[in-house]
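Spelled out from the first residue to the last, the chains are:
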Amino acid sequence: MLSNRLVNKVASDSKQPIQLHRYVRFCLLLAVVCLTLMASAVLSFSVLADVPVCWRQPAEARLLELESSSGPVQRFVQQDDADGAGQLALYRPDSAVAEALLNEWPFADEMGAAAPFYAGVQPLDNNYDGLTDQLLSIDFTGRVWQVDVTASRFSSPLLLADLNHPDWRFIASAGTIEVSLPLALRPPGVPARYRLLIIIARHVGTGEDALLVVRLPSAGAEFSLLQFSGLTDRTELSAAERETGLSNEQWQAIGQAHGWLVRLSGQITQAPKVVAGVIYSAVATSDFSAETCATEGAEHSLVALNLHHAGRVYSQRWFRLPTGEGVLTLRQQTDGSADLVLVTDDEQNTALAGLKIISPQCPDCSEILQLDQFPRWLKLATYRQETGAH
């Protein structure tokens, strides 16, 4: 009996180190998880703490048409701030109760949860059936998330880009543009069709804005995570480009990069517009800082950039605006050409006359835009089933 007790005691004593080892491993794992969550929360707090409130305007909810088991239905998609992290929610038009929530973001490479969203969500229709099937969300730190969506659920988010930079916060998006370059202008390795995402970033030290145009990976294609360092800085044009235009070597290098950025030395006061391959935006060039935001009463200029490489379309990229008040609007002339006008309640001021369209003849070729020739393609119908078409 004594020997049995000794055997049992020895066996029990031999198990204690194993159990203790397992307990220590569990505690270490729990500590890692807690520290990761705490770091994510601290990061979100620190990111928000160093910028004024006027930089952080919540994006408006968007009404989308989504697929359901009973057919197309409408849902509002809203971006929320849930405990310092970004969250997506789906709502029925007649209900304040969320149909679906997305607040679990992948911890890929210890990147943590999404930061709060202030750039509006961008809907995508990848199969051209007239329904939204994917969403793009840009968080405050510059991470671009892609999410498949139906009327009742979100898929697991995919991280497409990490544009995180200590000097920049990502405050708005101006939409996505679908691009199809002619074969003669297509740089090696660039697909025939792709999308460009337009983002507005703000500098934490100066308060100035930058326009970023990012080339998104094609659906189903393998890709490496897009980084801020992969963007070509096009803020200053070289003397050679100003003199003779964009060279083929420059175009190839820009086209093969992940996109471009231009620092604006001012703050954008209304959403940029893309017209015939040219980005136009009103920029306040006074009365702004890292602590304040510009208003319509500040001095304003109009910036016009080639969508594909941010080069010149006109003889210059900057034009003086008479006022910052009003909305930039297209106005067709009697000869079919178009002007860009600044429309207020009381008057219309011409911002830029004789608008141009980019030409497929060369990377920086352009010609006068004839608005009476557009649209060249009209959507007549969408057949979601293989019936009804003749």
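Residues numbered from 1 in each chain as written. Predicted model: local features only at pLDDT ≥ 70, side-chain atom pairs only at ≥ 80, totals over all residues. Heavy atoms only, no water.

Engineer: Whenever I open this one, unusual backbone geometry confuses me. Can you help?
Structural biologist: The bulk of non-glycine residues show a negative phi, and the bulk of peptide bonds are trans. Even without a glycine there, the phi angle at serine 265 is positive, about 50°. The phi torsion at aspartate 287 lies on the positive side, around 60°, for a residue other than glycine. Inspection of the secondary structure assignment puts aspartate 287 in the loop between strand E17 (278-284) and strand E18 (300-306). Overall, aspartate 287 belongs to the exposed group, its relative accessible area being 56%. (Helix = DSSP H or I, 4+ residues; strand = E, 2+ residues; numbered from the N terminus. Buried < 20%, exposed > 50% of the residue type's maximum accessible area, 1.4 Å probe, protein only.)

Engineer: Just to check I follow, could you spell out the nonpolar core for this structure?
Structural biologist: General note: in soluble globular proteins, nonpolar side chains tend to be found buried as a group. The biggest cluster of nonpolar side chains holds 29 residues, and the ones touching the most others in it are Leu211, Trp260, Leu264 and Ile279. Counting residues per element, the ones that place at least two in this core are strand E9 (168-180), strand E10 (193-203), strand E11 (209-215), helix H3 (248-256), strand E14 (259-263), E17 and E18. Ranked by residues supplied to this core, first place goes to E10 with four residues. Sequence-distant contacts of leucine 211, defined by excluding residues within four places in its chain, comprise Ile198, Ile199, Ile200, Trp260, Leu261, Val262, Leu264, Ile268, Pro272, Ile279 and Leu305. (Core = buried A, V, L, I, M, F, W, Y, C linked by side-chain atoms within 4.5 Å. Contact = heavy atoms within 4.5 Å.)

Engineer: I'm lost on the pairing of E11 in this one. Help?
Structural biologist: Remember that side chains alternate between the two faces of the sheet whenever the strand is regular. When you tally the buried positions in E11, you get seven out of seven residues, the bulk of the element. Covered by surrounding structure in E11 are Asp209, Leu211, Val213 and Arg215 together with Ala210, Leu212 and Val214, the residues of both alternating faces. Pairing analysis gives seven bridges linking E10 to E11, with the strands arranged antiparallel. Across the sheet, the residue bridging to alanine 201 is alanine 210, located in E11. (Pairing = 2+ DSSP bridges.)

Engineer: Would you explain the side chain of arginine 143 in this entry?
Structural biologist: Turning to its location among the elements, arginine 143 is positioned in strand E7 (residues 143-148). A polar contact is formed between the side chain of arginine 143 and the side chain of threonine 141, at a distance of 3.5 Å. (Polar contact = N/O pair within 3.5 Å; in protein donor to acceptor, adjacent residues only side chain to side chain.)

Engineer: Sorry, what's going on with the confidence of the model for the chain here?
Structural biologist: As a general rule, the predicted coordinates of low-pLDDT regions are not to be interpreted in detail. Of the residues in the chain, 82% reach a pLDDT of 70 or more, and the chain-wide mean stands at 83. Every residue in residues 1-46 is under pLDDT 50, and counting partners more than four places away or in other chains gives six contacts. (pLDDT = per-residue confidence, 0-100.)

Engineer: Sorry if this is basic, but what is going on with the sheet that holds strand E13 (residues 231-233) here?
Structural biologist: Backbone hydrogen bonds hold the strands of a sheet together, and the pairing may be parallel or antiparallel. Spatially, the five strands line up as an open sheet ordered E9-E10-E11-E14-E13, and their pairing is mixed. Two strands close off the open sheet at either side, each with one partner strand: E9 and E13. Direction aside, neighbouring strands of the sheet carry axes that sit 20° apart on average. Of the strand pairs in this sheet, E11 and E14 are connected by five bridges, and their pairing is antiparallel. In the sheet register, valine 214 faces E14, and the bridge partner there is glycine 259. (Axes fitted to C-alpha atoms, helices over the stretch in contact; angles between N-to-C directions.)

Engineer: Before we go on, may I ask you to explain the pairing of E14 in this structure?
Structural biologist: Counting buried residues along E14, four of its five residues qualify, which places the element largely inside the surrounding structure. Sheet topology places E13 next to E14; three bridges connect them, and they run parallel. The residue bridging threonine 232 from the neighbouring strand is tryptophan 260, located in E14.

Engineer: When you look at the environment of valine 144 in this model, what are you seeing that I'm missing?
Structural biologist: Along the polypeptide, valine 144 turns up in strand E7. The class for valine 144 is buried, based on a relative accessible area of 1%. Note: C-alpha distance between valine 144 and alanine 161 (17 residues apart in sequence) is 5.0 Å. Those residues within four positions of valine 144 in sequence are excluded, and the remaining contacts are Leu136, Ser137, Ile138, Leu158, Leu159, Leu160, Ala161, Leu197 and Ile199.

Engineer: Can you help me understand the sheet that holds strand E6 (residues 134-138) in this one?
Structural biologist: One open sheet accounts for five strands, arranged E5-E6-E7-E8-E12; its pairing is mixed. Because the sheet does not close on itself, it has two edges, and the strands there are strand E5 (122-124) and strand E12 (226-227). Note that strand E8 (residues 158-162) and E12 share two bridges and pair parallel. Bridge pairing in E12 links aspartate 162 to glutamine 227.

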